[in-house]
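Residue strings, one per chain:
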Amino acid sequence: DSFDIIVPASTANLGPGFDSVGMALNRHLSLTITPSEVWEVELIAGDLEGIPTDESNFIIEIAKWLADKWNEPLPPVHIGMVSNIPLARGFGSSATAIVAGIELTNQLLHLHLTDEEKVQWATLYEGHPDNVAPSIYGGLVVGHHDEEGTEIVRAGIPAIDLVALIPDYPVSTSKSRDALPETLNYAEAVKASSISNVQVAAMMRNDWTLAGRMMKKDRFHRPYRYLNIPEWKQAEEIADQLPVYGATLSGAGPIILFFTPQGTGEEMKSRIQRAFPESTIECLQPDPHGVT
Ligand code: HSE
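For clarity, every value in this text was computed on a predicted model and none was experimentally measured. (Residues numbered from 1 in each chain as written. Predicted model: local features only at pLDDT ≥ 70, side-chain atom pairs only at ≥ 80, totals over all residues. Heavy atoms only, no water.)

Things to note about the environment of Pro 129
Argument step 1. Topologically, Pro 129 is positioned in the loop between helix 3 (115-126) and helix 4 (132-137).
Argument step 2. For the pair Pro 129 and Gly 22, spaced 107 residues apart in sequence, the C-alpha separation works out to 8.1 Å.
Argument step 3. Among all residues touching Pro 129, those that are not within four sequence positions of it are Asp 19, Thr 123, Pro 134, Gly 143, His 144, His 145, Thr 150 and Ile 152. (Helix = DSSP H or I, 4+ residues; strand = E, 2+ residues; numbered from the N terminus. Contact = heavy atoms within 4.5 Å.)

Thoughts on the packing of aromatic side chains
Argument step 1. On inspection of all chains with the given rule, the structure shows six aromatic pairs.
Argument step 2. Residues Trp 208 and Phe 259 carry aromatic rings whose centres are separated by 5.9 Å and whose planes lie at 10° to one another, so their mutual orientation is stacked. Taken together, the residues span a long stretch of sequence, with Trp 208 in helix 7 (residues 208-217) and Phe 259 in strand 9 (residues 256-261) at a distance of 51 residues. Residue Trp 208 shares its accessibility class with Phe 259, and that shared class is buried. (Phe/Tyr/Trp six-rings, centres within 6.5 Å; stacked < 30°, edge-to-face > 60°. Buried < 20%, exposed > 50% of the residue type's maximum accessible area, 1.4 Å probe, protein only.)

Considering the sheet that holds strand 9
Argument step 1. Strands sit in the order 8-9-7-10 across an open sheet of four strands; the sheet is antiparallel. At either margin of the open sheet sits one strand with a lone partner, and together these are strand 8 (246-249) and strand 10 (280-284). Pairwise comparison of adjacent strand axes, ignoring direction, gives a mean angle of 25° for this sheet.
Argument step 2. When strand 8 meets strand 9, the two strands line up antiparallel, connected through four bridges. Along strand 9, the bridge assignment pairs Gly 246 with Phe 259.
Argument step 3. The sheet contacts of helix 10 (residues 265-275) involve strand 7 (160-166), strand 9 and strand 10, and relative to strand 10 the element is tilted by about 170°. (Pairing = 2+ DSSP bridges. Axes fitted to C-alpha atoms, helices over the stretch in contact; angles between N-to-C directions.)

Observations regarding the confidence of the model for the chain
Argument step 1. Of all residues in the chain, 100% attain a pLDDT of 70 or more, and the chain-wide mean is 96.
Argument step 2. Both scores are given for the predicted complex: the pTM is 0.96, the ipTM 0.98. (pLDDT = per-residue confidence, 0-100.)

Remarks on the environment of Trp 232
Argument step 1. Inspection of the secondary structure assignment puts Trp 232 in helix 9 (residues 232-241).
Argument step 2. Remark: the alpha-carbon pair of Trp 232 and Val 119, spanning 113 residues in sequence, is separated by 32 Å.
Argument step 3. Not counting residues up to four positions away in its chain, the partners in contact with Trp 232 are Arg 222, Tyr 226, Leu 227, Ala 247, Thr 248, Leu 249 and Ile 256.

Some words on the packing of helix 1 (residues 58-69) against helix 3
For any two helices packed against each other, the geometry is given by the interaxial angle and the distance between the axes.
Argument step 1. The N-to-C vectors of helix 1 and helix 3 enclose an angle of 115°; their axes lie 12 Å apart at closest approach. Between helix 1 and helix 3 the crossing geometry is right-handed. Residue-level contacts link Phe 58, Glu 61, Ile 62, Trp 65, Leu 66 and Lys 69 of helix 1 to Trp 121, Leu 124 and Tyr 125 of helix 3.
Argument step 2. Per-class residue counts for the contact of helix 1 with helix 3 are seven nonpolar, no polar and two charged. (Left-handed = near helix turned anticlockwise from the far one by under 90°. Nonpolar A, V, L, I, M, F, W, Y, C, P; charged D, E, K, R; others polar.)

Quick word on the site of the ligand
Argument step 1. In the vicinity of the ligand, the contacting residues are Ala 12, Asn 13, Phe 18, Asp 19, His 128, Asp 130, Asn 131, Thr 173, Arg 177, Arg 225, Gly 251 and Ala 252.
Argument step 2. Between the ligand and Arg 177 there is a distance of 2.6 Å, counted from an oxygen atom to a side-chain nitrogen or oxygen.
Argument step 3. For the ligand, the accessible surface in isolation is 260 Å², of which the surrounding protein chains cover 94%.
Argument step 4. Across the shell around the ligand, the residue classes tally to three nonpolar, five polar and four charged. (Near = heavy atom within 4 Å. Polar contact = N/O pair within 3.5 Å; in protein donor to acceptor, adjacent residues only side chain to side chain. Areas by Shrake-Rupley, 256 points an atom, 1.4 Å probe, with all protein chains shown as cover.)

Shown next as structure tokens:
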């Protein structure tokens, strides 16, 4: 029998919460799964250009990787795919594929995995929880991952709107990570972590004005990465002029995300569009729901 898997996109880091903080967004990867003689992927609609339709598809690869842990063969299925998540732009599209692959095996092998177990598997694969955890839980999450496992705090559904400037070029996360330094000295690390601490505490009290101020102070990746995005400098000037809380790169970029007071997203979108008449600008909201 057929069934659907729906996974929300996410934005990672939210500034100084590097590799730790993430939030689900109301953009989705939607799959319709039907029994089949062979593995097949049908790209039905949306941002799916270049995605393999055979067994080399990343979702199938993840599904088999997880099934191997149970030593069980997976019955082949037909996957009908629809997505409105731009690929390789900073909305966690690869994390949605990881979560979708895990959910596929969960359903096909009747594993009854809890959300906590899905997060453990997904983070084991991804290496950091900031995209996979919000795609599993929905809302805002704060996470930590090391060889002992993954710790996640669910931090609710932020009362904010978001405006995304979506450049028309992709950025590879690994290249974007290559721009980061190998080490941070002790004094720098102490300062950087105090900035993240205040940002997380502010978010959890819904004080986005303070969270926005902390976004500007990030020392983990902003000084190294942001200026590689040509639109960033002007976007930052606009964020300083408009009544918005702040702006960050979404994950490894290139999407630039403006955090705006709830109810002002559409108005901020038109004002940002005026400054970037040629760019794709979209209004989004936090998504309260994780994978279903
Ligand atoms: N925290 C990750 C990064 C998110 O910024 O590189 C993108 O995978």
